[in-house]
Each structure stands twice: as structure tokens, then as C-alpha cells.
Amino acid sequence: MQASYISYHLDLKHPFAIAKFSRTSTPLLLLRLRYEQTEGYGEASMVPYMGESYESATAFLSKVDWSCLTYPFNFPEIIAYLDSLAAGHPAIKAAIDIALNDLNGKLQQKPCYQIYGADPLKMPVTSYTIGIDSPEVIREKVADAAGFKVLKVKLGRDNDKELISTVRSLTNLPLYVDANQGWDNRKKAIDMIYWLHDQGVVLIEQPMNKADTEGNAWLTGRSPIPILADEAVQRLSDLEQIKGAYHGINIKLMKSAGMYEAHQMILKARSYGMKILIGCMSETSCASLAAAALAPLCDWADLDGPWLTKNNPFTTPEFQEGKYQLKDLPGLGLEGIKIDLFGS
Ligand code: MG
């Protein structure tokens, strides 16, 4: 196995603001693994608040003994091996896992979704995210969302109702709300949730601080719409602690260390009777297609990464009726890979 990688800055169409910060680009590491004559592609998207960087990612890669990764890939052993090298680092572990899954599909001549038993006909619609912004920019963003059937609105500051009212003056589409831990008062939060429900909001992500399991559980017990954990759940081992405190979870490959463990999380969450949203960070078509391969196994999808960025280096995924259209291509189905991107 040969590994090559590059640093890439993914520029956002609009500066991205959520409850706690704002930024204009996201550092990525794009990874290519070559096994005999076959190449697999992976991606680490390192949003600053998750604590990884290009430097930490390359330091992690330098510890990997690539000769250990032989086909057929034993994913449980590979993830355990990567975890044995260092705790944390879920994004760079995801890059390795995604590239191996792409290779795995290509070597088996099967699409990744087929290997995971996901039926493309069960693909949920993907939401388009509207970050916190001025009414003028929100107008622009809602116009950008043409073709999407659901919008996801970031809340968690003091003008939440104004923001929703602005969006509602422009569209009747169903809305997801992500409070990004921005609400700190249970009573106010439940009143807000009822108001949002009346506004056509169909789910709420991470209303209160991730550490406040009890507060989030209190809301879950009273909310007329599903309450999902995002920041409160990263990997499979976190699920046990938040079971019962939320109606469901938001799985992201950059948190779960990739596709294999995300699939394990889907199975575990289902066994707990939980709902599942599959989401993304700022990502190119590479990690987005990896998540889309699992999306038919989930209730909702928020995989808008390729449409929120200006310089996706790959072909934009096929998208119709608000949904990814998974192609009958081996591996991730990633297209438009420029030969010079990684060198020869
Ligand atoms: Mg979220």
C-alpha cells in the first residue's frame, strides 16, 4: 500500500457562522492510497473546533505502517490498529477508512453502498444549511438552495425567531434547526421548540450543551419533534452514554472515524430505537459520497458540503429531486479526479 496526500483549503461560498464561531475556509487533507494498480481516495475535513489540523493529521499518518493494511481489508482490526496508534484524530482516521472503502469497492467491483446493504431508492432528501447571517445574506442563501427540498437553519443566538421569520418569509420548505448547544435555559428552550414546531420545523439538533445530558433529556421528554445529539456523540462508544437522552443522533464520518464505524453506529442506534441523521462537515464530493453511501440506511441526510463550497476539486455529485443519485460505479463513485492533484 502506497499513500500520498496533499493539503487543500476548501473555500466556503459564504462565511460560515454558527452559535460559537465563524470562518471562511476549511483545511483538508486529501489522501490517495494505491494498492497494486488500484487507487482509493479519502478526505479529512478538519474544522478548527474539532481540534485536528494538517500538522496533526500528517503526524498521525507518519505512524501508520501501511504494510499492515492488506486486502481483503478487515475493518474492525484496521480501526482498532488506528486507535492503538493514538486516541482522538477521528478526521484523519476517517480519511484512511474512506480511502480503504473506496479501494475495497473498486477491488470487489461493487459500489460502497451495495457493500453496506444500502438501497439507493431509499435515499432521503439532503438539507441545505443556512448559517447565522443578516436578513440580506439569508435571502441570498435561500436563493442558492434552489433544488433542495429541506433547509437546515443554524440557531442559538439571541435573534432566533427573527432568523426563522426571515426564512419563512422566503420559503415554505420544511426546516431542520441546529442550535449547536446555544440554548442554556430549559424552559425557554421548550417554548422555542413549540414555536419552531408551529413554524414547520421538523427536528432540532443539539439544543443544549453536550455535557448537559439531563437538560437535553428533559427537552426530549417534552418536545413534539425529534431532538438529536450532534456534539454529544462522536464515536460508537459515546452512544451508550446518551441512549435515552435524545430521540436520535447525527452521525458524521469526521466524528466516527469513517464509514465502517458510522455503519456500526447506525446498527447500534437502531437497536436502541433511535432515529438517525447523517451529516457532514465542510467536505468535497469525496467524503460526501462516502456518507451518501450510508444515507439510505438513515432517516435524514444533511450532506450539502459540495454545494456550500467554491473549489470542490472533484465533480459535484449527481443530485435530483433534492437527493443524491447514487451511481452504479465501484467504490465511492468519485469522479473528476485530476491526475496532477497528488502527483504521479
Ligand atoms: Mg450540528
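Residues numbered from 1 in each chain as written. Predicted model: local features only at pLDDT ≥ 70, side-chain atom pairs only at ≥ 80, totals over all residues. Heavy atoms only, no water.

## Here's the deal with the sheet that holds strand S9 (residues 248-252)
Here comes step 1: In spatial order, the strands read S4-S5-S6-S7-S8-S9-S10-S11; together these eight strands make up an open sheet with parallel pairing. Two strands in the sheet have a free side with no partner beyond their single neighbour: strand S4 (127-130) and strand S11 (300-302). Ignoring which end each strand starts from, the neighbouring axes of this sheet average 25 degrees apart.
Here comes step 2: Judged from the five bridges that link them, S9 and strand S10 (residues 275-279) form a sheet pairing that is parallel. Across the sheet, Asn250 pairs through a bridge with Leu277, a residue of S10. (Pairing = 2+ DSSP bridges. Helix = DSSP H or I, 4+ residues; strand = E, 2+ residues; numbered from the N terminus. Axes fitted to C-alpha atoms, helices over the stretch in contact; angles between N-to-C directions.)

## Considering the pattern of salt bridges
Here comes step 1: Counted under the stated rule, the structure contains 19 salt bridges.
Here comes step 2: Between Lys255 and Asp230 there is a salt bridge, and its shortest N-O distance comes to 2.6 Å. Note that Lys255 is positioned in helix H10 (residues 253-256) and Asp230 in the loop between strand S8 (227-229) and helix H9 (236-242), a separation of 25 residues in sequence. Across the pair, exposure class does not vary: Lys255 and Asp230 are buried alike.
Here comes step 3: Through salt bridges that share partners, Lys152, Lys154, Asp178, Glu205 and Asp302 make up one connected network. (Salt bridge = Lys/Arg side-chain N within 4 Å of Asp/Glu carboxyl O. Buried < 20%, exposed > 50% of the residue type's maximum accessible area, 1.4 Å probe, protein only.)

## Comments concerning the packing of helix H7 (residues 186-198) against helix H8 (residues 213-220)
Here comes step 1: It is the contact of H7 with H8, at a shortest axis distance of 10 Å, that shows an interaxial angle of 35 degrees. Handedness of the crossing formed by H7 with H8: right-handed. Where H7 approaches H8, its residues Arg186, Lys187, Ala189, Ile190 and Ile193 are matched on the opposing element by Glu214, Gly215, Trp218 and Leu219.
Here comes step 2: For the contact of H7 with H8, a count of residues per class yields five nonpolar, one polar and three charged. (Left-handed = near helix turned anticlockwise from the far one by under 90°. Contact = heavy atoms within 4.5 Å. Nonpolar A, V, L, I, M, F, W, Y, C, P; charged D, E, K, R; others polar.)

## Quick notes on the pairing of S4
Here comes step 1: Side chains of S4 alternate between two faces, with Ser127 and Thr129 and Tyr128 and Ile130 buried alike.
Here comes step 2: In this sheet, strand S5 (residues 150-154) lies alongside S4 in parallel orientation, the contact comprising four bridges. Along S5, the bridge assignment pairs Ser127 with Val150.
Here comes step 3: In this fold, the crossover linking S4 to S5 by way of helix H5 (residues 135-144) has right-handed handedness. (Right-handed = clockwise from strand over helix to strand, strands pointing away.)

## Notes on the nonpolar core
Here comes step 1: One finds Ile96, Ile98, Trp183, Ile249 and Met259 to be the most contacted residues of the largest nonpolar core, which totals 112 residues.
Here comes step 2: Among the elements that make up this core, the one with the highest residue count is helix H3 (residues 90-108) (nine residues).
Here comes step 3: Leaving out residues up to four positions away in the same chain, Ile96 has contacts with Leu31, Leu33, Phe60, Leu61, Val64, Trp66, Leu69 and Leu82.
Here comes step 4: Counting residues in hydrophobic clusters, the runner-up holds six residues, among them Val150, Leu228, Leu277 and Trp300. (Core = buried A, V, L, I, M, F, W, Y, C linked by side-chain atoms within 4.5 Å.)

## What to know about the pairing of S5
Here comes step 1: Of all the five residues making up S5, five are buried; the element is thus mostly covered by neighbouring parts of the structure.
Here comes step 2: Along S5, one buried face is formed by Val150, Lys152 and Lys154 and the opposite face, lined by Leu151 and Val153, is buried too.
Here comes step 3: Taken together, the four bridges between S5 and strand S6 (residues 175-178) define a ladder with parallel strand orientation. Within S6, the position partnered with Val153 by the bridge is Val177.
Here comes step 4: Taken together, S5, helix H6 (residues 160-170) and S6 constitute a β-α-β crossover, and its handedness is right-handed.

## Digging into the side chain of Lys252
Here comes step 1: Looking at the element boundaries, Lys252 is found in strand S9.
Here comes step 2: The class of Lys252 is buried, set by a relative accessible area of 7%.
Here comes step 3: Residues contacting Lys252, with those up to four places away along its chain left out, are Asp230, Gly279, Cys280 and Met281.

## Some remarks on unusual backbone geometry
Leaving glycine aside, a negative phi is the common case for residues, and trans is the common case for peptide bonds.
Here comes step 1: A cis amide bond links Tyr71 to the next residue, Pro72, at an omega of 0 degrees.
Here comes step 2: At Gln109, a residue that is not glycine, the phi angle is positive and equals roughly 60 degrees.
Here comes step 3: Take Gln109: it is sitting in the loop between H3 and helix H4 (112-115).
Here comes step 4: Positioned with a positive phi, Gln181 is a non-glycine residue whose angle comes to about 70 degrees.

## What about the packing of aromatic side chains?
Here comes step 1: This structure, assessed with the given rule, holds 12 aromatic pairs.
Here comes step 2: Judged by centre distance (5.4 Å) and plane angle (80 degrees), the rings of Tyr71 and Phe73 are edge-to-face.
Here comes step 3: With a relative accessible area of 9%, Phe73 lands in the buried category.
Here comes step 4: Look at Phe75 and Tyr260: their rings are 6.3 Å apart centre to centre, the planes differ by 15 degrees, and that puts the pair in the stacked class. In this pair, Phe75 is assigned in helix H2 (residues 75-85) and Tyr260 in helix H11 (residues 259-271), connecting sequence segments 185 residues apart. Residue Phe75 shares its accessibility class with Tyr260, and that shared class is buried.
Here comes step 5: In this structure, Lys243 packs its charged tip against the face of Tyr272, placed 4.5 Å from the ring centre. (Phe/Tyr/Trp six-rings, centres within 6.5 Å; stacked < 30°, edge-to-face > 60°. Lys NZ or Arg CZ within 6 Å of the ring centre and 35° of its normal.)

## Considerations on H3
Here comes step 1: Helix length check: H3 (19 residues) gives 26 Å between terminal C-alpha atoms against 27 Å at 1.5 Å per residue, within 8%.
Here comes step 2: In terms of residue burial, H3 counts as a mostly covered element, since 16 of its 19 residues are buried.
Here comes step 3: Gln109 sits one or two positions beyond H3 and adopts a positive phi of about 60 degrees. (Expected span 1.5 Å × (residues − 1).)

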